[in-house]
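# Overview (structure and organization)
As a plain string of letters, each chain reads:
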Amino acid sequence: MKTPLNPPQVQAVRHVDGPLLVLAGAGSGKTRVITHKIAWLVRECGHAPGNIGAVTFTNKAAREMKSRVAALLGPRDGRGLMVSTFHSLGLRILQRDHAHLGYRSGFSIFDAEDARGVMRELLRSAGTDADQDGERLQWRISAWKSDMVSPEQAISKAADDTEHHQALLYAEYQRHLQAYNAFDFDDLIVRPVQLLAEQPDVREYWQNRLRYLLVDEYQDTNTSQYDLLRQLTGVRARFTVVGDDDQSIYAWRGARPENLHRLSEDYPTLRVIKLEQNYRSTARILRSANALIAGNPHLFDKQLWSTLGDGDPLRVIRSRDADTEVTRIAGEIIQHRFHKRTAFSDYAILYRGNHQARPFEKALREHQIPYRINGGNSFFDKAEIKDLMAYLRLLVNPDDNSAFLRIINTPRRQIGASTLEKLGAYAGQRDISLVAACGEMGLGEYLAERNLQRVREFSQWLDDMTRMAAREPVANVARRVLHETDYEAWLLETSRDPVRTEKRMASLAELVEWLGKLAAREEMDGRLDRVLAHLSLMGILDRQADDDGGDQVQLMTLHAAKGLEFDHVFMVGMEEGLLPHQASIDAETIEEERRLCYVGITRARRSLTLSWAAHRRRAGDTVECEPSRFLAELPTADVVWEDPTRPVDPEVRAAKGRAHLATLRDLLAND
DNA sequence: TGGGGTGATATTTTT
DNA sequence: TATCACCCCA
């Protein structure tokens, strides 16, 4: 984009003295505003890059922003600039100031699986039978943390017995994390907020370090993230937040879009600037998006407009069933691509739920259309990666019982469940970690000689490795662990599949390479603990980000599509019960469904096809489907319904709601 | 210890 | 209906 910034964009860039909220509509160039603003702060306002922080939600967004700032400022002028996710920002604070919380350096970061393991353990010892209560508990605790509710508050505010019980487990869970010298993901925000609030010197340091803060996707912040922003910017309130309330689609996991409105209450001097010129889509697409979102209540009004011309009308296509829908869209992509000489990568298929991807995968394969499914398997979900990470974590943090339990028998060391139970009881009694328990003399009274031997042997080995880890380069430590545990032999033995083993070893080699690369970074200082912490926050390997350069049709959920754009978009499964989803049809949640639909529409640059099927298999049997109510909310003049019998007064129809839609379906059902 | 049978369950997901 | 997690047995 070489065009100059438009007037509101310029205003947003130049307003630097007080708090600023930029309401940036879809495709209105918000990243551009943020990057230009960073450049402005450095070049025109004399801020050192090291005193500016830009915060995003995902690593991908952070990477993108970093590279765009670098392109603007050049690598030298941007030195020290802090572009990071909320979580890595929190991590940095903890790495410096964890001691105030009673944590020791080398602390572990627990991923969702580690956390679930701890909670299951708690549930078991609390006598709560259900294993899968673990998931509910995990959800509950995470919600409390996002809302900045401490265990004590949760206990006193509990609404019923179940919640009271959960709150007690929450308190217990936090005690365990502390004992393990570990933080979970939510803690990476919550505990820094706590530190900043309680420790004046810590607050002063960070407020001084970060003189200006910019936050992207502000509508997705939860309470703890908002508190972090407030603590960091303090009374000087030098910040820019950029967001769009119409694209708030994460309330279900704790996001508080009302944080947008809270800003003007908490900061009376707040300036609000709207970006409404869209550089992405045709006017018809934007009019449709505007019309749809007008169905939601608004505190800030916003009308997207564009100079790109009307373009093609949107199309609503109806299929008899899911199979027909899928083959039809595959066929359309092939034809359209042929006629318009486009690339496969210009097309995206967007859906509400992941399960909807499957039939499309099948059809695309059959039509030999290359595709890429976004989301799903993270590099760090692979068992072998987790194993090696657990070994390394244990070397850095011997209190990490979760890591210990993961690898004590991987590869096999003949240490069985009952031995571990006794070890755990012993450790629990003395309030020491499992690793520490392994090395204690008193253990002899509890374990049979043979088992004691094995435990001792492991403990001895761990000692040796820990000593080695202190002086050897990080990558060597990792290689040594793999070598000494005979990990490859174990893989081969357990999977009996040389090809699979080879793949897994390749993943491990990749991890080792990463460890080496990261350790070489200045800020890592060659420290294994730093490298591990950093790595635990990296969900997906960078390599995969590079990989999507291929010419492939993109398949993803509407959620995953946020922030992306495509020339030609297919929104599929546009039916009542799917979008809006059955579970989100109440008055409060329907608005988020509408925003989800809005996000989908605004992904399209040139063409948008909305597809629904009249019959679909759902939970076993085939049900008849009605077209999504959102389809009826689109402007008649900009949408072509494949079926000309469609009645033409969308406003009346929207008002009459579902009953009317049933009639509409009957009118359309002419096959 | 790993595979197979069984039973529950069915949005959206990052770090 | 299909998948997935878990438990139990060989």
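Here the structure is a predicted model, which is why all the values come from computation and not from measurement.

Definitions and limits used
- Here the residue index of a chain counts from 1 through its sequence in written order.
- Each chain takes a letter, starting from A, and each ligand takes a number, starting from 1, following the order in which they are written.
- Only residues with pLDDT of at least 70 get local features here, since the model is predicted, and only at 80 or more are side-chain atom pairs given and counted; chain-wide, interface and lining totals rely on the full set of residues.
- The basis for the side-chain values is all heavy atoms of the structure; hydrogens and waters are excluded.
- Think of pLDDT as the predictor's per-residue confidence, scored from 0 to 100.
- It only takes one pair of heavy atoms within 4.5 Å for two residues to be counted as in contact.
- Centres within 6.5 Å make a pair out of two Phe, Tyr or Trp rings, where for Trp the six-membered ring is used; the pair is then stacked when the planes are under 30 degrees apart, edge-to-face when over 60, and tilted otherwise.
- Counting from the N terminus, the helices are DSSP H or I runs at least four residues long and the strands are E runs at least two residues long.
- Using a 1.4 Å probe on the protein chains alone, a residue whose accessible area is under 20% of its type maximum counts as buried, one over 50% counts as exposed, and one in between counts as partly exposed.
- Lysine and arginine charges are scored as sitting over a ring when NZ or CZ, respectively, is within 6 Å of the ring centre and within 35 degrees of the ring normal.
- At least two DSSP bridges between two strands are required for those strands to pair.
- Helix span, expected: 1.5 Å multiplied by one less than the number of residues in the helix.
- Orientation is described by axes fitted as lines to C-alpha atoms, over the contacting stretch for helices, and by angles from 0 to 180 degrees between their N-to-C directions.

## Brief notes about the confidence of the model for chain A
Per-residue confidence for chain A gives a mean pLDDT of 88, with 92% of residues at or over 70. This stretch, residues 644–665, has a pLDDT under 50; its non-local contacts, to residues over four places away or in other chains, come to 38 contacts.

## Side note on the packing of aromatic side chains
For the structure shown, the criterion picks out 15 aromatic pairs. Between Tyr391 and Trp461, the ring centres sit 5.9 Å apart and the planes meet at 85°, which makes this aromatic pair edge-to-face. Highlighted residues: Tyr391 in helix α16 (residues 383–396) and Trp461 in helix α20 (residues 449–471), separated in sequence by 70 residues. For the pair Tyr391 and Trp461, a shared accessibility class is recorded, and that class is buried. Put simply, the rings of Tyr391, Phe404, Phe458 and Trp461 pair up and form one aromatic cluster. Here the guanidinium or amino end of Arg253 rests over the ring plane of Tyr250, the centre of that ring lying 3.9 Å away. Directly above the ring of Trp514 sits Lys517, whose terminal nitrogen or CZ lies 5.3 Å from the centroid.

## A few points about the side chain of Ser402
Following the sequence through the fold, Ser402 ends up in helix α17 (residues 401–407). Overall, the relative accessible area of 13% leaves Ser402 in the buried class. Filtering out sequence-adjacent residues up to four positions away, Ser402 remains in contact with Phe110, Asp114 and Arg393.

## Description of the pairing of strand β15 (residues 621–624)
Sheet topology note: the strand β14 (residues 604–618)/β15 ladder contains 4 bridges and is antiparallel. Bridge pairing links Arg618 to Asp621 in β15. Linking two consecutive strands that pair antiparallel, namely β14 and β15, is a turn of 2 residues; a positive phi of about 45° is found at Ala619 within it.

## Topic: α16
The terminal C-alpha atoms of α16 lie 20 Å apart, and with 14 residues this matches the ideal 20 Å at 1.5 Å per residue to within 8%. With 12 of its 14 residues buried, α16 lies for the most part within the structure.

## So, the sheet that holds strand β7 (residues 239–243)
Reading across from one edge, β3-β2-β6-β7-β1-β8 is the order of the 6 strands in this open sheet, with parallel pairing throughout. Every other strand in the sheet has two partners, leaving β3 (82–85) and β8 (271–275) as the edge strands with one partner each. The average angle at which neighbouring strand axes cross in this sheet is 15°, direction not considered. As defined by bridge partners, strand β2 (residues 52–56) adjoins β3 across 4 bridges and the pair is classed as parallel. Its bridge partner being in β3, Ala54 is matched across the sheet by Val83. In the packing of helix α3 (residues 59–77) onto the sheet, the strands contacted are β2 and β3, and the crossing angle to β3 comes to about 165°.

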